[in-house]
Amino acid sequence: LLGKLYLADPIDGCQPLTPIFHKESDPSNKKKNTAPFVLVERGGCDFVTKTHYAEIIGAKMVIVINYENQPSIVMGDDGLGNTLGIPSIIISYADGKQLKEKLNSKVPEEQTVTLLVKFDMPQNLNVEYMLWISSTHQSAYTFLERFRKFHNLFEGAIKIQPHYVLWYCYHCKFCLLYTSD
């Protein structure tokens, strides 16, 4: 993705954002075929909310600035991430500070930031996941039975790592003690 960066207003991206004016007719955008990217700060709400509000105003990507002195994280999903149509990434506080300084420059020619973002996908086409099931729930076995046909279609490209939840039944032990001869 090639994009022209805009600072979110409000900067935390937790409320509806002020629309950005990314004009396709602007020669700097047309020549480079850029898309609007929005820069937001971390905090105040979840990442999905920030991305949702940016998408509403026409952004094609969201860049989240991490907190100062914080390690990299994996951005979480609040359960509604599947409704989004644009990507979001998180960058370090230091990198975000530099971008904000550039966007807030007093010199108009220095206020433009164009970014090229490339998403490299791993070449491993295998899917691995953990399946947590209980031996007492029929729904787990129903799921496995229904999923078998899909698993067979992928011929070993799916790896399931089962985890079994075991329950201690005090009542069961108590019944066995009093019902045996």
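What you are looking at is a predicted structure, and each value in this text was computed from that prediction instead of being measured. (Residues numbered from 1 in each chain as written. Predicted model: local features only at pLDDT ≥ 70, side-chain atom pairs only at ≥ 80, totals over all residues. Heavy atoms only, no water.)

The subject of this paragraph is helix α2 (residues 47-56). Within α2 the residues assigned to the buried category are Phe47, Val48, Thr49, Lys50, Thr51 and Ala54. Its buried side turned inward, α2 meets β2 (35-41), β3 (61-65) and β4 (88-91). Two to three positions downstream of the cap, the backbone nitrogen of Val48 sits 3.2 Å from a side-chain oxygen, assigning the N-cap of α2 to Asp46. (Buried < 20%, exposed > 50% of the residue type's maximum accessible area, 1.4 Å probe, protein only. Helix = DSSP H or I, 4+ residues; strand = E, 2+ residues; numbered from the N terminus. Contact = heavy atoms within 4.5 Å. Polar contact = N/O pair within 3.5 Å; in protein donor to acceptor, adjacent residues only side chain to side chain.)

All right, on to the confidence of the model for the chain then. Averaged over the chain, the pLDDT score is 82; the fraction of residues at 70 or greater is 84%. Low pLDDT (under 50) marks residues 176-181, which in the prediction has zero contacts with non-local residues, meaning those over four places away or in another chain. (pLDDT = per-residue confidence, 0-100.)

Turning our attention to the pairing of β2. Within β2, six of the seven residues are buried, leaving the element largely enclosed by the surrounding structure. Examined bridge by bridge, strand β1 (residues 2-7) and β2 share five bridges and lie parallel to one another. The partner of Lys4 across the bridge, within β2, is Pro36. Note: β2 against β3, five bridges, orientation parallel. Paired with Val38 across the two strands is Val62, which belongs to β3. Of the crossover connections in this fold, the one passing from β2 over α2 to the parallel β3 is right-handed. (Pairing = 2+ DSSP bridges. Right-handed = clockwise from strand over helix to strand, strands pointing away.)

It is worth spelling out unusual backbone geometry at this point. A cis amide bond links Asp9 with the next residue in sequence, Pro10, at an omega value of 5°. Considering the arrangement of structural elements, one finds Pro10 in the loop between β1 and α1 (27-32). Backbone geometry at Asn69 places phi at a positive 55°, although glycine is not the residue there. Relative accessible area serves as the criterion here: at 72%, Asn69 is assigned to the exposed category.

So, about the environment of Gly76. Structurally, Gly76 is set in the loop between β3 and β4. Accessibility expressed as a relative area gives 44% for Gly76, which makes it partly exposed. Once the C-alpha coordinates of Gly76 and Phe47 are considered, the two residues, 29 residues apart in sequence, prove to be 6.9 Å apart. Every residue in contact with Gly76, bar those within four places of it in the chain, is listed here: Phe47 and Val48.

A full pass over the atoms with the stated rule returns one disulfide. There is a disulfide in this structure between Cys14 and Cys45, and the S-S distance comes to 2.2 Å. Across the S-S bond linking Cys14 and Cys45, the dihedral sits near -90°, which makes this disulfide left-handed. Residue Cys14 is found in the loop between β1 and α1, and its partner Cys45 is found in the loop between β2 and α2; the two are separated by 31 residues along the sequence. (Disulfide = S-S within 2.5 Å.)

Moving on to the packing of aromatic side chains. Under the criterion given, the structure shown has one aromatic pair. Taking 5.5 Å as the distance between ring centres and 15° as the angle between the ring planes, the aromatic pair formed by Phe143 and Phe147 counts as stacked. Linking Phe143 with Phe147, this pair stays in helix α4 (residues 138-153), spanning four residues, or about one helical turn. Its relative accessible area of 36% is what places Phe143 among the partly exposed residues. (Phe/Tyr/Trp six-rings, centres within 6.5 Å; stacked < 30°, edge-to-face > 60°.)

Mapped onto the elements, Lys50 comes out in helix α2. Asp12 provides the closest opposite charge to the buried, salt-bridge-free Lys50, at an N-O distance of 5.5 Å. Setting aside its immediate chain neighbours within four residues, Lys50 contacts Asp12, Gly13, Cys14, Val40, Glu41, Arg42, Gly43, Cys45 and Val62. (Lys, Arg positive; Asp, Glu negative; His and termini not counted. Salt bridge = Lys/Arg side-chain N within 4 Å of Asp/Glu carboxyl O.)

Moving on, we come to the pattern of salt bridges. A complete count under the given rule lists two salt bridges for this structure. Across the pair Arg148 and Glu145 runs a salt bridge, and its minimum N-O distance is 3.0 Å. Taken together, the residues span about one helical turn, with Arg148 and Glu145 both in helix α4 at a distance of three residues.

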